[in-house]
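So the chains spell out like this:
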Amino acid sequence: MGIERVEEGDAELVLRIRGGDVGAYSMLVARYRDRLGRYAVRMIGNREDAEEALQDAFVRAYRSLARCDNPARFGAWLYGILVNRCRTTGARTARRRRWIVHDEGALNGASHPDHGERVEWADIVGRALAKLTPECREAFLLKHVEDLEYEEIAELTGAGISALKMRVKRAREHLQRILKEAEHV
Amino acid sequence: MFDQQERDGEDVVERVIHELRRPVYIDRAVDARVMNEIAQPAPAEPVARRSVARVLPWLAAAAVLGAVLIGRPWSPGGNGADAFQFVLVAPQAASVSLVGDFNDWDPSRAPMHAARGGVWATVVSLPPGRYRYAFLVNGVEWRADPSAPLARDDEFGSPSSVVTIGGRDS
């Protein structure tokens, strides 16, 4: 009983936008901002460039909306555009990369006694991630952080499933080695 | 002993994953900037494509060279852009796309067309600038252009080539 807020699905929103309701796009932006933003920050390594890549991906997706063959899978399609933007941005900014140390969770825990340790751990993780090759970092993030299936990752990246599995395996091994070394410093 | 080390290593990776899954703060102003940008007119699409049939003499030469970017613009496009033909010889390929930073590395935006002798070609309009590009063969295999310099700053790890296009007067 009562009034329930019914969220429109991606397909309905895409159809509304295609029909001229530009404002409906803000709902898709809000829906995917944080998840895709996290991927961009982890992949690129700094928030400023990540937000630029994210913004660019949203704009490009809007302008190419007619090419979104399956509006119900708008999110996956958008992911593909962002993955490409991160590749371009990552290559462009490699020389001036600076890795995020503080995230919102860490800032919120500023008064917690473990705050210092958490920030330090986040910093170690960020630096370890930065040492992976971009291919391995991309595969690792999509598989283990974004929780995508290998078939989905293959679709997004254009890489074969066996190559992706190898990249994830290498990423895990490299992270283990890097963090073990960090423990002994 | 060995098993214990392996378990410790796996535990570390799980802690990393846990850390990386934490939310990251994204400025809500991104939403406004996106909505503001899409309200503006879209930049002009690249123009000046011509049919592959017109380029067969070039393709014959390309077959000898392997892959080639024809540096001579065919015809002026919009925004100072000129049309350039990219060619790859790949007789075994079922599909080839041209991907680069000029098309967001999106294979769907510049599919190449097969001509005789396993020669694949496409024409894109590019304004003066420096571009990185590669060929995506069968949707999975990235190939640099064997006739062009390799991109040195390819942090991503996939092979890519670089081309610099000068202005009309250069």
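Treat the numbers as computed from the prediction; the structure is a model and nothing was measured. (Residues numbered from 1 in each chain as written. Chains lettered and ligands numbered in written order. Predicted model: local features only at pLDDT ≥ 70, side-chain atom pairs only at ≥ 80, totals over all residues.)

Detailed reading of predicted coordinates is not advised where the pLDDT is low. Residues and elements named next belong to chain B. Here chain B averages 72 in pLDDT, and 64% of its residues register 70 or above. The secondary-structure element of chain B with the lowest mean pLDDT is helix α3 (residues 56–65), recorded at 42, while helix α2 (residues 29–39) shows the highest, at 90. Scored below 50 in pLDDT, residues 44–68 shows 52 contacts in the model against residues more than four places distant or in partner chains. Predicted confidence is poor over residues 70–78, with pLDDT under 50, and the contacts of this stretch with residues over four places away or in other chains come to 21 contacts. Across the whole predicted complex the pTM is 0.60, and at the interface the ipTM reaches 0.82. (pLDDT = per-residue confidence, 0-100. Helix = DSSP H or I, 4+ residues; strand = E, 2+ residues; numbered from the N terminus. Contact = placed C-beta atoms within 7 Å.)

Turning next to the nonpolar core. Core analysis: the largest hydrophobic core is formed by 56 residues, its most contacted members being A40, L54, L78 and L82 of chain A. Ranked by residues supplied to this core, first place goes to helix α2 (residues 25–44) of chain A with 10 residues. Dropping the residues within four chain positions of it, L82 of chain A is found in contact with L36, Y39, A40, A53, L54 and A57 of chain A. Counting 27 residues, the second largest nonpolar core, distinct from the first, contains V89, F102, L126 and F135 of chain B. (Core = buried A, V, L, I, M, F, W, Y, C linked by C-beta atoms within 7 Å. Buried ≥ 20, exposed ≤ 12 C-beta atoms within 10 Å, placed from the backbone.)

Residue and element names in this part refer to chain A. Most of helix α7 (residues 134–145) is tucked away: 11 of the 12 residues are buried. Within α7 the residues assigned to the buried category are P134, E135, C136, R137, E138, A139, F140, L141, L142, K143 and V145. Looking one or two residues beyond α7, the residue adopting positive phi is D147, at roughly 60°.

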